[in-house]
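Each chain, letter by letter, is given below.
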Amino acid sequence: METVESESRIKNKESSLKKIELINLKDIQKMHYQRVKTGISEFDRVLGGGIVAGSLILVSGDPGIGKSTLLTELVLNHGHVPPLYISGEESAQQIKIRADRISPKENLVVLNETDVDVIIRAIEQFKPSLVIVDSVQTVQTQDLNSVAGSISQVKESANRLQKVAKSLHIPIFLIGHVTKEGTVAGPRTLEHVVDVVLSLEGDPSSNLRILRANKNRFGSTDEVGIFEMEDKGMVEVLNPSKMFLDQKIDAPGSVVTVVLTGLRPLLVEIQALVTKTNLPMPRRTASGIDNNRLQLIVAVLQKRVGLHLFDQDVFVNVAGGLKVVEPAADLAVAMAIISSIKDKPIKAKTAFVGEVGLLGELREVKGLDKRIVEAKKLGFTNIVSFKNAKNLSEAVRLGLR
Ligand code: TYD
Ligand code: MG
């Protein structure tokens, strides 16, 4: 710790002697970020159109979810100048086995190193086109005496890598494991140090993987990238709506909605199961949507539609493991609950889009036209929304069989 502090004190002194220069925004020419395509379009989509030169990007996710696989794929796709894969977890042999599974291309240089200062020297010397550090929890500097993976080590290493990324205009990806208890320094501690935070999510029991931007200094955080984990690595899903609906069966409690993730409309299936409870406090369990939103929809259904849910457990699930944050899915959630408790399926070729208000009214959502176009592409011709139904009761009349 001490070395770092005394260094920064010296720097402070130096900076107090420097001439102060103010910058008028008028004098700055409009800057376009220089972006390089990754070769994986789902990845580019999440980054906002490619990798920005000199950016520091954190890719976080549970162990085993596929972070090393996805980034190996990225570097194997990357240009002529070999990228550098720095691994503190696996041997070059293990990385080669993974790379061989993914692609016959071998344009990759590996460095087995955990000392961040040695890593930085290697970057300065070899000037790779791109750097992957797998994982940030394994790197450390000798200047601090805490162990690798501790908060101070992870932060200091990321800070030093941020500086070298900016000064040499080389993008650096940091892989970070999310820990459940946060006992080892979680990647969350890095969120303000890095430019972009991506998270790779998915249910380990399915091969669907979703790449999401939680923070992006160079783009929107609404877009998601959708992949399937296969034998030969992560495969981009080109028609996600079709995939999400592939396993849908026509049964009570199953409802289709169209969500907007960034600019892209996606059809997803919302499922509900309503059963008599044996608990004094019936359960309201949501997976893939916000639990508070479910509570609210249940309350509206009781008060405005007269549904008896006080002695019923309500479970709601978004099929395929997608997380839906938009209120535009409210109507589909409500319809799934109604369909399940009445044990009646939804009409054929019908999808629902709409926010439900506290009075049971249907409210406008953004991008309805785009959603309708996507729904029609997949054969849904009857779209129930605020356009044709004023409230929940009217939606039931239009959509329930
Ligand atoms: P990995 O990328 O090592 O996960 P992480 O770096 O996030 O810990 O991948 C984990 C799992 O993925 C591993 O159990 C093997 C499997 N896998 C595939 O299914 N296909 C592949 O092509 C590869 C390389 C791995
Ligand atoms: Mg890994």
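Residues numbered from 1 in each chain as written. Chains lettered and ligands numbered in written order. Predicted model: local features only at pLDDT ≥ 70, side-chain atom pairs only at ≥ 80, totals over all residues. Heavy atoms only, no water.

*Asks:* Describe the overall build of the protein, with residues and values.
*Replies:* A tally of helices and strands in the protein yields 11 helices and 19 strands. Dimensions of the protein, computed from the C-alpha atoms along their principal axes, are close to 70 × 50 × 50 Å. For the protein, the residues scored as buried account for 49% of the 401 residues in total. Here the contacts in the protein between residues at least 6 apart in sequence split such that 70% fall between residues at least 24 apart. Carbon and sulfur atoms provide 54% of the accessible area of the protein, an area that totals close to 20300 Å². Across the protein, 52 positive and 47 negative side-chain charges occur, with their mean positions spaced 7 Å apart. (Helix = DSSP H or I, 4+ residues; strand = E, 2+ residues; numbered from the N terminus. Buried < 20%, exposed > 50% of the residue type's maximum accessible area, 1.4 Å probe, protein only. Contact = heavy atoms within 4.5 Å. Areas by Shrake-Rupley, 256 points an atom, 1.4 Å probe, with all protein chains shown as cover. Lys, Arg positive; Asp, Glu negative; His and termini not counted. Charge placed at Lys NZ, Arg CZ, Asp CG, Glu CD.)

*Asks:* Just give me the short version of the site of ligand 1, but keep the residues and values in it.
*Replies:* Around ligand 1, the surrounding shell holds 15 residues, and the nearest of these are G64, S68, T69, E230 and G233. Contact between ligand 1 and K67: an oxygen atom at 2.8 Å from a main-chain N or O atom of the residue. A distance of 2.8 Å separates an oxygen atom of ligand 1 from a polar atom in the backbone of D231. Protein chains bury 74% of the 550 Å² of accessible surface belonging to ligand 1 in isolation. Listing elements by their share of the shell around ligand 1, those giving two or more residues are helix 3 (67-76), helix 4 (92-102) and strand 10 (224-230). Of the residues contributing to the shell around ligand 1, the split by class is 3 nonpolar, 5 polar and 7 charged. (Near = heavy atom within 4 Å. Polar contact = N/O pair within 3.5 Å; in protein donor to acceptor, adjacent residues only side chain to side chain. Nonpolar A, V, L, I, M, F, W, Y, C, P; charged D, E, K, R; others polar.)

*Asks:* With reference to specific residues and values, describe the sheet that holds strand 5 (residues 109-112).
*Replies:* Hydrogen bonds between backbone groups are what pair the strands of a sheet, and the pairing can be parallel or antiparallel. Pairing is mixed in the open sheet, where 9 strands are placed in the order 5-4-6-7-3-8-9-10-11. Because the sheet does not close on itself, it has two edges, and the strands there are strand 5 and strand 11 (233-236). Going from strand to strand, the sheet's axes swing by 25 degrees on average, the running direction of each strand aside. Of the pairings in the sheet, the one linking strand 9 (residues 208-216) to strand 10 comprises 5 bridges and is antiparallel in character. (Pairing = 2+ DSSP bridges. Axes fitted to C-alpha atoms, helices over the stretch in contact; angles between N-to-C directions.)

*Asks:* Tell me what's going on with the packing of aromatic side chains, and back it up with residues and numbers.
*Replies:* Each aromatic ring pair is specified by the distance between its two centres and by the angle formed by the two planes. All chains considered together, the criterion is met by 1 aromatic pair. Look at F43 and F173: their rings are 6.0 Å apart centre to centre, the planes differ by 90 degrees, and that puts the pair in the edge-to-face class. In this pair, F43 is assigned in helix 2 (residues 41-47) and F173 in strand 7 (residues 172-177), connecting sequence segments 130 residues apart. Each member of the pair, F43 as well as F173, is classed as buried. (Phe/Tyr/Trp six-rings, centres within 6.5 Å; stacked < 30°, edge-to-face > 60°.)

*Asks:* Describe the environment of I65, listing the residues and the values that go with them.
*Replies:* The residue I65 is located in the loop between strand 3 (56-61) and helix 3 in this model. Judged by relative accessible area, I65 falls into the buried class, the value being 4%. Spatially, the C-alpha atoms of I65 and M229 are 8.9 Å apart, while their sequence positions differ by 164 residues. Not counting the four nearest positions on each side in its chain, I65 is found in contact with L200, E201, G202, R209, M229 and M234.

*Asks:* Residues and numbers for the pairing of strand 3, please.
*Replies:* Burial of strand 3 is extensive: 6 of the 6 residues sit out of reach of the surface. Residues L56, L58 and S60 line one face of strand 3 and the alternating positions I57, V59 and G61 line the opposite face, and both faces are buried. The pairing of strand 3 with strand 7 spans 6 bridges and is parallel. What sits directly across from L56, in strand 7, is I172.

*Asks:* Tell me what's going on with the pattern of salt bridges, and back it up with residues and numbers.
*Replies:* Charged atoms that come close allow side chains of opposite charge to pair. Within this structure, the stated rule accounts for 21 salt bridges. For R283, the salt bridge goes to D313, with nearest N and O atoms at 3.6 Å. Of the two residues, R283 is situated in the loop between strand 13 (264-276) and strand 14 (284-287) and D313 in strand 15 (residues 312-318); the sequence distance between them amounts to 30 residues. Of the charged contacts in the structure, one is a salt bridge between R363 and E361, with a shortest N-O distance of 2.9 Å. (Salt bridge = Lys/Arg side-chain N within 4 Å of Asp/Glu carboxyl O.)

*Asks:* Account for the environment of K155, with residues named and values stated.
*Replies:* Within the fold, K155 resides in helix 6 (residues 151-168). Since its relative accessible area comes to 30%, K155 is described here as partly exposed. Contacts of K155, omitting those with residues within four sequence positions, involve T189, L190 and H192.

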